Structure formats: C-alpha cells, structure tokens
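# Examination of the molecular architecture
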Amino acid sequence: MFDSVLVVCAGNICRSPTAEYVLKSKLEGKNIEVSSAGLTALEGKPADAMAINIAHEHGVDLSSHQGCQLNSALVAQHAVILVMEQRHFNDLCARYPQARGKTFLLGKWLGDKEIPDPYKQSKEAFEHVYQLIDSATSAWAKYL
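Numbers given to residues run from 1 along each chain, matching the order in which its sequence is written. Where totals are concerned, whole chains, interfaces and linings use all residues; where local detail is concerned, this predicted model gives features only for residues with pLDDT of at least 70, and gives and counts side-chain atom pairs only at 80 or more. Working from all heavy atoms in the structure, the side-chain values ignore hydrogens and water.

Here we take up the sheet that holds strand β2 (residues 33–38). Read across the sheet, four strands follow the order β2-β1-β3-β4 without closing on themselves; strand pairing throughout is parallel. Only two strands of the sheet have a single neighbouring strand rather than two, namely β2 and β4 (103–105). Each neighbouring strand pair of the sheet contributes to a mean axis angle of 25 degrees, computed without reference to strand direction. Note: strand β1 (residues 4–9) against strand β3 (residues 80–83), four bridges, orientation parallel. Residue Val5 lies in a different strand from β3, and its bridge partner there is Val80. Note on definitions: a residue-residue contact is assigned when non-hydrogen atoms from the two residues lie within 4.5 Å. As a rule, the C-alpha atoms of each element are fitted with a line to give its axis, helices using only the stretch in contact, and angles between N-to-C directions run from 0 to 180 degrees. For helices the rule is a DSSP run of H or I covering at least 4 residues; for strands it is a run of E covering at least 2, with both sets numbered from the N terminus onward. Sitting on the sheet, helix α1 (residues 15–26) is in contact with β1, β2 and β3, with an inclination near 175 degrees to β2. A pair of strands counts as paired when DSSP detects no fewer than two bridges linking them.

Right, here's the structure in full:
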C-alpha cells in the first residue's frame, strides 16, 4: 500500500497538525509515516493553543508539533498528500505539478467535504473541525 502521507493546510498550526496526529493514532501498528506542512506555514511555530486543547480533550497530543513549510522535497517523498480545501489542492498542484494524481481532499470519503479553517474562532469551531478531521481520517485509514 502506501508508506507515507503528508497532510497540508495553510499555516500548519490548526488543521494539518491535528489531522497528522489523529491519523498517526489511527494507523498505529502500520508502517506508514505521517507528517504535515503548510502552503504558507508559520515555520517553527507550535500548534494553535485551542487546537492543542481540543486534541488533548480527545486523547491526542499536539504539543511537539512545529510548523513546517511545504516544499518540493516533501511533495516528492510522500506517496499521498491530503489537503483541507479545494483551493489548497489547486494551489499545491499549480506549484508542484508532480503532486497531481496523489493529492486529495482529506474529506474525499465524506463526499469531498472541505475542512474549514477554525483559526481565531470559537472553541465550538475547533471542536467541529476536530470532529470532521476525526471522521475523515477514519475513512482514509481504511484505504492506507
């Protein structure tokens, strides 16, 4: 199957790190590397405090995360790339045409649902996004 998954959003501090660590927990025992990056990453920054808190409430630890900028090496070394929104897909494939064919919406198996950005929004917004990510990663785990 696949040996590596890269999860991408914009800043790499809310959605993609949450999806990275949730997916890692769902793929435990499988030999699949999961990492994350951002199209406009806040390089070296920790995950958003609210994202950390919501994940922690669900037993997922984001405390070691540091923002990472997407680059051609990351695109090349991952077998599957999962993005949050159609515009991320379009931007990523425009920058890295070699990513076409292995890049999909995280919400692909949820009817191509996009995962909205909760940054600087309420706890409820972060909880809603966490639930979407949890459902989407569960669906993807069946195919990885």
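Still more ground to cover, so stick around.
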